[in-house]
Amino acid sequence: MVKKVLSYLLVFVLTISISDAIFAPSQTKTAFAAVTHPFLLIHSSDFAAMQSKSSSAPWLGMKTDAIATSNAGLTLGGTNRENCLKMSAYLDATALAYILDPTNKSTYVTRIKNVILNDLPTMAVANSALWDEVVPPANTLFTAIIALDTVYNDMASGDRTLSETTIESLVNSIPYTVNWKLAGYGLHGTWDVYKGVRTTPDDTYYDRLIYEIGGGATHLSAGYADARFLGNDRYVKSMYMDVLEHTGIDNRYYSNPTIIAAYEHVLGYSSTPFKRPAMFGDTALVAGSFYAKEGSMPAYRAAKFSSDAAKYAAWYNEGKTRRGRLLNYVVPDADLPSAQMPTKSVVYKDGGGYFRDNSGSANGLMGALSNVSVEPQHAHKDTNAIYLAGYGEHLLTNSGYPGYGDHTVVNNNAPELVITSSQPTYTARASADAFVRSGTYADTNYGTNPTMIVKSDLANYARKAYVKFNFYPFLAPSASNAKLRVYVDSIGTDSPRTIKVYGTSDESWTETGITWNNAPAGTTYITSFTVTAGAEWKEVDVTSYVNSNLSDKIVSFLLVDEGAASSAGQVIFNSKEAAGTTYTWTYVNGAVWANNSLYTDRDANHTTKYGGGLSEGFTSTYFDYAQGLDGPALLNDSHSRDFLFVHPQDGANGYFIMRDGITTAANGYAYTALHPNTKSSTGITTVTSDTEYEATINGFLLNKTDVKLNVFYATPPTSVTLKNGAITGFINSFEGKYLEAKYQADTTGNARFLTLLFPSDSTHAKATMTRLAGSGYTGASVNHGNGIIDYVFTTSNSSSKSYNGVSYWGYVAAYRKNGTETSFYFIRSGKSFSDGAGYGFSSPSNVSIHMRGKTGKIATNSNVNVTFNYPGITGVNLDGAPAAIVGSGSGYVTVTVPAGTKSVQLLP
């Protein structure tokens, strides 16, 4: 009884202590402890070394940039987010200039003081429910704290006290437990360290960081993991750990295997070969490092985590301008190594399989299967969803992300500005458009009309149109080609009509304020085009004009008919308000069929946004495999998905295999959705009805025009239907077509179906795929030409099957014939394979195995004696060590394979 009372008291005391730690942030701690500044990220004793290395690249360029940025001054006036970014950059640069240009250090101290006292208070921090009033200000305050700490010893005590008071007031305006938790924890934690009241490890921050990282693949979508851990507008979330590490308060980060895995994943494995995040959850088509103007500052210190992370960081930041910022300069221990694109595949038990070829080319192939086992952030219903990229394009995408504030995606043939350069083609939709009308209507605004009318006519009837574009994400130094595209809805009977296009130097007009009387004049004649019919796109070259407006990334166009007046000469264009197919955020976020996943009649929508993780998987140079389980996502039914990547090899191109196993109601139905990255209504063509479909990839082109994805339904579905579905993004959103295949279960409620996904372009030919079927199996042959044919099957696994002299026993079987030779084989959860020529294996219980020649991988849930067949075999190495031989003979060796996944080498 005494022990029980003491236990209760201990729990009570601990609860009070934990509560104080969590809910008593810095606003309750006003006394400053005695600490020696600077110390958060640098000590004054380090200044000389920092100055010394500034004589060589890249540090010299950073010094020059830091001084120039500080000398240029700070000019505010944009949005709250823009102003916060400007203040962060200015404070960061000025703090570095203070270290590297000591002759003028008093000037830099004054500048930092002035920003803290005069500019920081202008930030909007009143609404803790708005991201713009939490994360950007928190990030700026984090930078301000670091800057103040850096110049502490050279700032007059009175100015320092005023600066600290100002910062503390603003810190206290952002709640510690704000919705964006890492921002709140990072800001308040850094301020507490500065004041000397945080001297012990910060478990609240650490636990939250580990939660968001998950199993290494992160529970965040790839796009948000990229932004959260690498973004320059929110490094308060990820670089508070650097303060804790540098001060010695908490050294759990740089050597933490989970955090190391997360940085390797975000910097490398989850990125496509063309540097876009794999599209799961809230990840848009245009997301990723390619759209950052400068390298990711958190990425520059990647070597603190691992050498692989550092190599991938160099690749991630490749081609970017490394700015002169304190966080870029003092946190990294050294410059990044040579850039290295990730070329190996990885499997995360909680997260999924991320597969890529080893070409090291931006045009390489990549595929991923997503399956996290806890409720993720920024997630969609994409358990067991797949994503594909290849030949420089997104191939098979999930639904994307329209933005929390933009709940509707519309496809309405609105005006577009399409810009091509050495970087990816960028398409901007009109930011504003309107027409104006003369005479008695000269003060009337028509900015919200669904059309724009252009007409040369008498007073009261003449009309002209204005279109404005903001193309700020375009970052190339110049455009090689830029086209203005407008859609002609209809025309009058007096045709043809010539439409002239002018640029307007005045870009300040607004969509809801422009009228005939205040509309800007056309100041630069660009070109003209002739309209002869409606219901068609017209496009004109505006390259020179776009290049002349790269400084502000805004262009404004006037469309006018200067021909003879005509009462029937109107040309009617679609405006951005035109009616179109709309999709809501609920569709994108809350519908499983918006993604490349599976659903059934009984589970028409997943009940959760997480599944059962991976049950098994392995990777190799030539073949990758992962199996995901539905877990709680399907309430009434069960689903497993095998995702396989056959790497390019033997002179044959790579492709992907998807095998689904479902248990549902007797004779019930299951559905798979596949969303090729195509926005054309005719972008998916039928090769053979209910069997093969070819998608022309044009949803978001990276200077590619010839990429295709063929979907081959090896197991005959009941039907395949083309449906409309949105692919959404912050900027580029469109209505696309997707494929819904319907399958019927047998009388026991079981169904197994196989789908092949084959990318191609002008230099990578598509193989010829043909259905195969027999008693207890369905499958396909994949003919690459030159005598190379793959065979892929799915079965009930109840017994051994055979085809053309090859026998196999497993839920999935795949093998390649190069002429009469067997190049490789794969069995998932099976007992045997034999090519009829002395090559294969047998096992008394299920194993998953891939072998190419004498090397491969094997996975088993328990210890099992496996017999390997190979001409002249004498032994087997598992993970490089000899396996215990329990039997042998001519052409075979039996060894004990321990539970787990092992590398296999057959010994001659």
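Residues numbered from 1 in each chain as written. Predicted model: local features only at pLDDT ≥ 70, side-chain atom pairs only at ≥ 80, totals over all residues. Heavy atoms only, no water.

1. Topic: the overall build of the protein
Each helix and strand in the protein was counted, giving 16 helices and 44 strands. Its C-alpha atoms give the protein principal-axis dimensions of roughly 90 × 85 × 60 Å. Taking all contacts inside the protein whose residues are at least 6 apart in sequence as the whole, residues at least 24 apart take part in 69%. Accessible surface, the protein as shown: approximately 32400 Å² in total, 51% of it carbon and sulfur. In the protein, which carries 68 positive and 74 negative side-chain charges, the distance between the mean positions of the two groups comes to 3 Å. (Helix = DSSP H or I, 4+ residues; strand = E, 2+ residues; numbered from the N terminus. Contact = heavy atoms within 4.5 Å. Areas by Shrake-Rupley, 256 points an atom, 1.4 Å probe, with all protein chains shown as cover. Lys, Arg positive; Asp, Glu negative; His and termini not counted. Charge placed at Lys NZ, Arg CZ, Asp CG, Glu CD.)

2. Focus on the packing of aromatic side chains
Tallied over the entire structure, the rule returns 50 aromatic pairs. Plain terms: the ring middles of Phe-643 and Phe-656 are 5.8 Å apart, the flat faces sit at 0° to each other, and that makes the pair stacked. Placement of the pair is Phe-643 in strand β22 (residues 638-646) and Phe-656 in strand β23 (residues 655-663), with a sequence separation of 13 residues. We classify Phe-643 as buried; its relative accessible area is 0%. Ring centres of Phe-645 and Phe-656 lie 4.6 Å apart, and the angle between their planes is 15°; this geometry places the pair in the stacked category. Taken together, the residues Phe-645 in strand β22 and Phe-656 in strand β23 connect sequence positions eleven residues apart. A relative accessible area of 0% means that Phe-645 is categorised as buried. An aromatic cluster is present here, built from Tyr-777, Tyr-791, Phe-793, Tyr-803, Tyr-808, Tyr-815, Tyr-825, Phe-833, Tyr-839, Phe-841 and Tyr-870 joined pairwise through their rings. It is Lys-53 that lies over the ring of Tyr-329; its NZ or CZ is 4.9 Å from the centre. In this arrangement the basic side chain of Arg-160 is found over the ring face of Tyr-152, its NZ or CZ atom lying 4.1 Å from the centre. (Phe/Tyr/Trp six-rings, centres within 6.5 Å; stacked < 30°, edge-to-face > 60°. Buried < 20%, exposed > 50% of the residue type's maximum accessible area, 1.4 Å probe, protein only. Lys NZ or Arg CZ within 6 Å of the ring centre and 35° of its normal.)

3. Remarks on the nonpolar core
The biggest cluster of nonpolar side chains holds 120 residues, and the ones touching the most others in it are Leu-120, Ile-167, Tyr-205, Leu-209, Leu-267 and Tyr-354. Apart from the residues lying within four places of it in its own chain, the contact partners of Leu-209 are Leu-182, Phe-229, Met-241, Tyr-253 and Ile-259. (Core = buried A, V, L, I, M, F, W, Y, C linked by side-chain atoms within 4.5 Å.)

4. Some thoughts on the sheet that holds strand β1 (residues 346-348)
On the basis of which strands lie adjacent, the open sheet formed by five strands has the order β1-β2-β3-β4-β5 and antiparallel pairing. This sheet does not close on itself; its edge strands, each paired only once, are β1 and β5 (393-396). Sheet twist, expressed as the average angle between the axes of neighbouring strands with direction ignored, equals 15°. Across five bridges, strand β3 (residues 366-371) lies against strand β4 (residues 385-390) in antiparallel orientation. Bridge pairing in β4 links Leu-369 to Ile-386. (Pairing = 2+ DSSP bridges. Axes fitted to C-alpha atoms, helices over the stretch in contact; angles between N-to-C directions.)

5. Digging into helix α3 (residues 59-72)
Residues three or four positions apart in an α-helix share a direction because the helix packs 3.6 residues into each turn. Over its 14 residues, α3 runs 20 Å from end to end, which matches the ideal 20 Å to within 8%, given 1.5 Å per residue. All of the buried residues in α3 are Trp-59, Met-62, Asp-65, Ala-66, Ile-67, Thr-69 and Ser-70. At its buried positions, α3 is contacted by α4 (80-100), α5 (105-119) and α14 (326-329). (Expected span 1.5 Å × (residues − 1).)

6. Thoughts on the sheet that holds strand β11 (residues 463-470)
Reading across the sheet, the five strands line up as β9-β11-β16-β13-β14 and stay open at both edges, with antiparallel pairing between neighbours. In this open sheet, the two strands that pair with only one neighbour each are β9 (432-437) and β14 (524-531). Geometrically, the sheet is characterised by an average inter-axis angle of 20° between neighbouring strands, direction not taken into account.

7. Notes on the packing of helix α10 (residues 222-230) against helix α12 (residues 257-269)
The interhelical angle for the contact between α10 and α12, taken along N-to-C directions, is 115°, at an axis separation of 10 Å. α12 is crossed by α10, and the crossing has left-handed handedness. On α12, the residues touching Ala-225, Asp-226, Phe-229 and Leu-230 of α10 are Tyr-263, Val-266 and Leu-267. (Left-handed = near helix turned anticlockwise from the far one by under 90°.)

8. Describing unusual backbone geometry
Residue Ala-57 is joined to Pro-58 through a cis peptide bond whose omega torsion reads 0°. Following the sequence through the fold, Pro-58 ends up in the loop between α2 (47-52) and α3. With an omega of 5°, the peptide bond running from Ser-495 to Pro-496 counts as cis. Mapped onto the elements, Pro-496 comes out in the loop between β12 (481-491) and β13 (497-503). Of note, the phi angle at Asn-667 is positive, near 65°, even though the residue is not glycine. Relative to the elements of secondary structure, Asn-667 occurs in the loop between β23 and β24 (669-674). What makes Asn-667 partly exposed here is its relative accessible area of 38%.

9. Quick word on helix α6 (residues 135-151)
With 17 residues, α6 should cover 24 Å at 1.5 Å per step; its first-to-last C-alpha distance of 25 Å lies within 8% of that length. Taking burial as the measure, the 17 residues of α6 include 17 buried ones, the bulk of the element.

10. A short note on the environment of Tyr-466
Topologically, Tyr-466 is positioned in strand β11. Along the chain, Tyr-466 and Leu-558 lie 92 residues apart, while their C-alpha atoms are 4.7 Å from each other. Setting aside residues up to four positions removed in sequence, Tyr-466 forms contacts with Ala-432, Asp-433, Ala-434, Val-436, Met-452, Thr-504, Trp-509, Ile-514, Ala-519, Pro-520, Phe-557 and Leu-558. Within polar-contact distance, the side chain of Tyr-466 engages the backbone oxygen of Pro-520 at 2.7 Å. (Polar contact = N/O pair within 3.5 Å; in protein donor to acceptor, adjacent residues only side chain to side chain.)

11. Here we look at the confidence of the model for the protein
The predicted structure's coordinates, where accompanied by low pLDDT, should not be read in detail. Summarising the model, the protein shows a mean pLDDT of 92, and 94% of its residues fall at 70 or more. Confidence over residues 1-31 falls short of pLDDT 50; this stretch has 25 contacts with residues more than four positions distant or in other chains. (pLDDT = per-residue confidence, 0-100.)

12. So, the pattern of salt bridges
A side chain with one charge can pair with a side chain of the opposite charge if their charged atoms come near. Taken as a whole, this structure holds 38 salt bridges when the rule is applied. Arg-828 is the partner of Asp-642 in a salt bridge, and the nearest nitrogen-oxygen pair spans 3.0 Å. Here Asp-642, found in strand β22, pairs with Arg-828, found in strand β36 (residues 821-834); they are 186 residues apart in sequence, far enough to count as distant. In terms of burial, Asp-642 and Arg-828 fall into one category: buried. The shortest N-O distance in the salt bridge between Lys-902 and Asp-879 comes to 3.7 Å. One end of the pair, Lys-902, is in strand β44 (residues 900-907); the other, Asp-879, is in the loop between β40 (875-878) and β41 (881-882), with 23 residues separating them in the sequence. Residues joined by salt bridges that share partners form a network here, namely Glu-416, Lys-483, Arg-485 and Glu-539. (Salt bridge = Lys/Arg side-chain N within 4 Å of Asp/Glu carboxyl O.)

13. Structural notes on the pairing of β4
The two faces of the sheet receive side chains in turn, since in a regular strand these alternate between them. The buried fraction of β4 is high, at six of six residues. Residues Ala-385, Tyr-387 and Ala-389 point to one face of β4 and Ile-386, Leu-388 and Gly-390 to the other, with burial holding for every one of them. Of the strand pairs in this sheet, β4 and β5 are connected by three bridges, and their pairing is antiparallel. Following the sheet pairing, Gly-390 is matched in β5 by Glu-393. Here β4 folds back onto β5 in antiparallel fashion, the turn holding two residues, of which Tyr-391 has a positive phi close to 55°.

14. A few points about the environment of Asp-335
By the element assignment, Asp-335 lies in the loop between α14 and β1. Taking C-alpha positions, Asp-335 is 9.1 Å from Ala-57, a pair spaced 278 residues apart along the chain. Contacts of Asp-335, omitting those with residues within four sequence positions, involve Pro-58, Trp-59 and Arg-322. At a separation of 2.9 Å, a polar atom in the side chain of Asp-335 contacts the side chain of Arg-322.

15. Examining the packing of helix α7 (residues 157-173) against helix α8 (residues 181-195)
The interhelical angle for the contact between α7 and α8, taken along N-to-C directions, is 150°, at an axis separation of 10 Å. Relative to α8, α7 is oriented roughly antiparallel. Our pair here, α7 against α8, has a crossing hand that is left-handed. Contacts between α7 and α8 involve Glu-164, Ile-167, Glu-168, Val-171 and Asn-172 on the former and, on the latter, Leu-187, His-188, Trp-191, Tyr-194 and Lys-195. A breakdown of the residues in the contact of α7 with α8 according to their chemical character gives five nonpolar, two polar and three charged. (Parallel < 35°, antiparallel > 145°, perpendicular 65-115°, else oblique. Nonpolar A, V, L, I, M, F, W, Y, C, P; charged D, E, K, R; others polar.)

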